[in-house]
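# Structure at a glance
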Amino acid sequence: MQYTQHYDSPLGGILLAADEVGLTGLWFDGAKYFAAGLDPAYRAEATPALLQAKRWLDIYFSGQEPDFTPPLHPCGSAFRQEVWALLRQISYGQTTTYGALAARLAAERGLAKMSAQAVGGAVGHNPISLIIPCHRVVGTDGSLTGYAGGIDKKARLLTLEKDKKF
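The present account deals with the structure reproduced in this document.

Conventions used here
Residues numbered from 1 in each chain as written. Predicted model: local features only at pLDDT ≥ 70, side-chain atom pairs only at ≥ 80, totals over all residues. Heavy atoms only, no water. Helix = DSSP H or I, 4+ residues; strand = E, 2+ residues; numbered from the N terminus. Rg over C-alpha atoms; globule rule 2.2 N^0.38 Å. Buried < 20%, exposed > 50% of the residue type's maximum accessible area, 1.4 Å probe, protein only. Areas by Shrake-Rupley, 256 points an atom, 1.4 Å probe, with all protein chains shown as cover. Lys, Arg positive; Asp, Glu negative; His and termini not counted. Charge placed at Lys NZ, Arg CZ, Asp CG, Glu CD. Core = buried A, V, L, I, M, F, W, Y, C linked by side-chain atoms within 4.5 Å. Contact = heavy atoms within 4.5 Å. Axes fitted to C-alpha atoms, helices over the stretch in contact; angles between N-to-C directions. Parallel < 35°, antiparallel > 145°, perpendicular 65-115°, else oblique. Nonpolar A, V, L, I, M, F, W, Y, C, P; charged D, E, K, R; others polar. Arc of directions from axis to C-beta. Polar contact = N/O pair within 3.5 Å; in protein donor to acceptor, adjacent residues only side chain to side chain.

### A look at the overall build of the chain
Counting secondary structure elements, the chain contains five helices and six strands. The order of helices and strands in the chain, counted from the N terminus, is β-β-β-β-α-α-β-α-α-β-α. Rg of the C-alpha trace for the chain: 15 Å, near the compact-globule value of 15 Å for 166 residues, within the 12% margin. Seen through its C-alpha atoms, the chain measures out along the principal axes to roughly 45 × 35 × 30 Å. Considering the chain as a whole, with its 166 residues, one finds that 48% of them fall into the buried category. Split by element, the accessible area of the chain, about 8000 Å² in all, is 52% carbon and sulfur. Of note, the chain has its 16 positive side-chain charges centred 6 Å away from the centre of its 15 negative side-chain charges.

Laid out in structure tokens, this is it:
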């Protein structure tokens with residue numbers, strides 16, 4: 001069973017979803033892949049994981065780095081899970097590139113190289129945006145590319161983390 005809550009952020013509405021294990025989704029309203037993987041039989045109910053996610057978002061949008069992570073339970077292939085684990089290692093206020101993530105994943109797997117496009121696909125299908133910080137991944141030249149919530153939101157999130165204010 002999945003449970004949902006709505007969160008009003010400075011960047012617009014956010015849908016949160018969780019199961020008994022942890023947070024399964026965090027999507028900006030209208031985002032590409034909005035509510036992908038959400039069980040149609042979900043219930044709107046506050047669970048401990050959803051309440052922790054809301055608290056995390058309150059801290060984050062106040063311009064501070066949260067000092068905890070709510071329990072997470074993103075569903076995806078083994079490859080996507082590996083990429084999402086790398087995303088969680090990108091520090092608050094920092095960015096990396098798709099190519100750097102691909103090189104790191106290739107090294108971890110003992111491969112000569114890995115497709116940055118494949119990594120980008122996994123980054124783009126991250127079901128728990130913000131907490132799994134896919135917004136911190138930029139193009140090789142530093143350009144803001146590919147964010148399911150919208151490039152305008154990606155820019156504002158990066159500015160928030162840099163300036164610690166909206």
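Structure shown, so let's carry the discussion forward.
### Structural notes on the nonpolar core
Note that soluble globular proteins tend to have their nonpolar side chains buried in a common cluster. Leu16, Phe61, Leu87, Val119, Val123 and Leu130 are the most contacted members of the largest nonpolar core, which has 43 residues in total. Those elements that place two or more of their residues in this core are strand S1 (3-9), strand S2 (12-18), strand S3 (23-28), helix H1 (48-61), helix H2 (78-87), helix H3 (98-109), helix H4 (116-124) and helix H5 (151-163). By residue number, the principal contributor to this core is H1, which donates seven residues. For Val123, the contacting residues outside a window of four places in its chain are Val83, Leu87, Tyr98, Leu101, Cys134 and Val137. In terms of nonpolar packing, the next biggest core, distinct from the first, is built from five residues, Leu15, Trp27, Ala35 and Leu38 among them.

### Focus: the side chain of Gln5
One can find Gln5 in strand S1. The residues contacting Gln5, other than those within four sequence positions of it, are Ile14, Leu15, Leu16, Ala44, Glu45, Ala46, Leu50 and Lys54.

### Focus on the packing of H3 against H4
Between two packed helices, the angle of one axis relative to the other and the distance separating the axes together describe the packing. Two elements in contact, H3 and H4, have axes separated by 8 Å at closest approach and are oriented at 105°. One finds that H3 runs roughly perpendicular with respect to H4. The residues of H4 that touch H3, namely those facing Tyr98, Gly99, Leu101, Ala102 and Leu105, are Ala116, Val119, Gly120 and Val123. Considered class by class, the residues forming the contact of H3 with H4 number seven nonpolar, two polar and no charged.

### A closer look at H4
Of all the positions in H4, only Val119, Ala122 and Val123 are classed as buried. Summarising the axial view, the buried residues of H4 lie within an arc of 100°, below the 170-degree limit, and thus occupy one face. Buried residues in H4 make contact with H2, H3 and strand S6 (137-138). With a side-chain oxygen lying 3.2 Å from the backbone nitrogen of Gln117, the N-terminal cap of H4 falls on Ser115.

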